[in-house]
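# Working through the structure, step by step
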Amino acid sequence: MSDPESIARGESPLDLTLAEAELDTRRAHITEFITDQLDAAGVDQAVLGLSGGVDSATVAYLAVEALGAENVHGLVMPSVVNDDETMSDAERVAMDLEISYDV
């Protein structure tokens, strides 16, 4: 692992690698948080935006893990900054997760 001074100087990258057990713990915490928030809101389904980027794909995968694919609906949201290739990435995420979606 790198020492803090060399990281601060940008001489070596910060190691953010997590062990499998750490990933499982964090995943469990996040999926529990998702279900707790939906319970608090009094709902059992979620609608989320899919841009085709890493952030929305991560949220979609975590939502499906927490709620099940049948309880997640994606909105593929075209805009001037999204090209056809990016939008197909968003649709691919929805299809891979087997969630319903609209464009």
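Preceding this section is the structure that the text describes.
Here goes a summary of the coordinates provided. For clarity, every value in this text was computed on a predicted model and none was experimentally measured. Counting of residues starts from 1 at the beginning of each chain's written sequence and follows it residue by residue. Whole-chain, interface and lining totals are the exception, using all residues; otherwise, since this is a predicted model, local features are given only for residues with pLDDT of at least 70 and side-chain atom pairs are given and counted only at 80 or more. Heavy atoms from the whole structure form the basis of all side-chain values; hydrogens and water molecules are not counted.

## Details of the nonpolar core
What counts here: Side-chain atoms within 4.5 Å are what join buried Ala, Val, Leu, Ile, Met, Phe, Trp, Tyr and Cys residues into a set we call a nonpolar core. Only protein chains enter the accessibility calculation, which uses a 1.4 Å probe; a residue whose area is less than 20% of its type maximum is buried, one above 50% is exposed, and one in between is partly exposed. Strands here mean DSSP runs of E at least two residues long; helices mean DSSP runs of H or I at least four residues long; both are numbered from the N terminus.
Counting 20 residues, the largest nonpolar core has L50, L67, V72 and I99 as the members making the most contacts within it. Among the elements of the structure, α2 (20–41), β1 (46–50), α3 (54–67), β2 (72–76) and α4 (84–97) are those that each provide at least two residues to this core. When residues of this core are assigned to their parent elements, the largest contribution, 7 residues, is made by α3.

## A short note on the pattern of salt bridges
Spelled out, the test is: By convention in these notes, a salt bridge is any Lys or Arg side-chain nitrogen within 4 Å of a carboxyl oxygen on Asp or Glu.
Under the criterion given, the structure shown has 3 salt bridges. R27 is the partner of D24 in a salt bridge, and the nearest nitrogen-oxygen pair spans 2.9 Å. With D24 and R27 both in helix α2 and 3 residues apart, this pair spans about one turn of that helix. Residue D24 is classed as partly exposed on the basis of its relative accessible area of 39%.

## Notes on a negative patch on the surface
Quick note on the threshold: Patch construction takes residues with relative accessible area above 30% that form no salt bridge. Like charges are linked within 9 Å, and nonpolar side chains (Val, Leu, Ile, Met, Phe, Trp, Tyr) are linked within 5 Å. Using a 1.4 Å probe, the Shrake-Rupley method yields the accessible areas, and only the shown protein chains count as cover for residues. Just so you know, the count uses Lys and Arg for positive and Asp and Glu for negative, and it drops His and the chain ends. Where a charge lies is defined by one atom per residue type: Lys uses NZ, Arg uses CZ, Asp uses CG and Glu uses CD.
There is a patch of like negative charges on the surface, built from E32, D36, D39 and D44. Along the chain, the position of D36 falls in helix α2.

## Thoughts on the sheet that holds β1
The condition that has to hold: For two strands to be treated as a pair, DSSP must find at least two bridges joining them. Lines fitted to the C-alpha atoms define the axes, with helices restricted to the stretch that makes contact. Angles between their N-to-C directions range from 0 to 180 degrees. Whether two residues touch is decided by their heavy atoms; if any such pair falls within 4.5 Å, the residues are in contact.
Strand order in the open sheet formed by 3 strands is β1-β2-β3, and the pairing between neighbours is parallel. Because the sheet does not close on itself, it has two edges, and the strands there are β1 and β3 (100–102). The average angle at which neighbouring strand axes cross in this sheet is 25°, direction not considered. Both β1 and β2 contribute to a ladder of 5 bridges, which runs parallel. For A46, the partnering residue across the bridge sits in β2 and is V72. Relative to β1, α3 is tilted by about 160°, and along the sheet it contacts β1 and β2.

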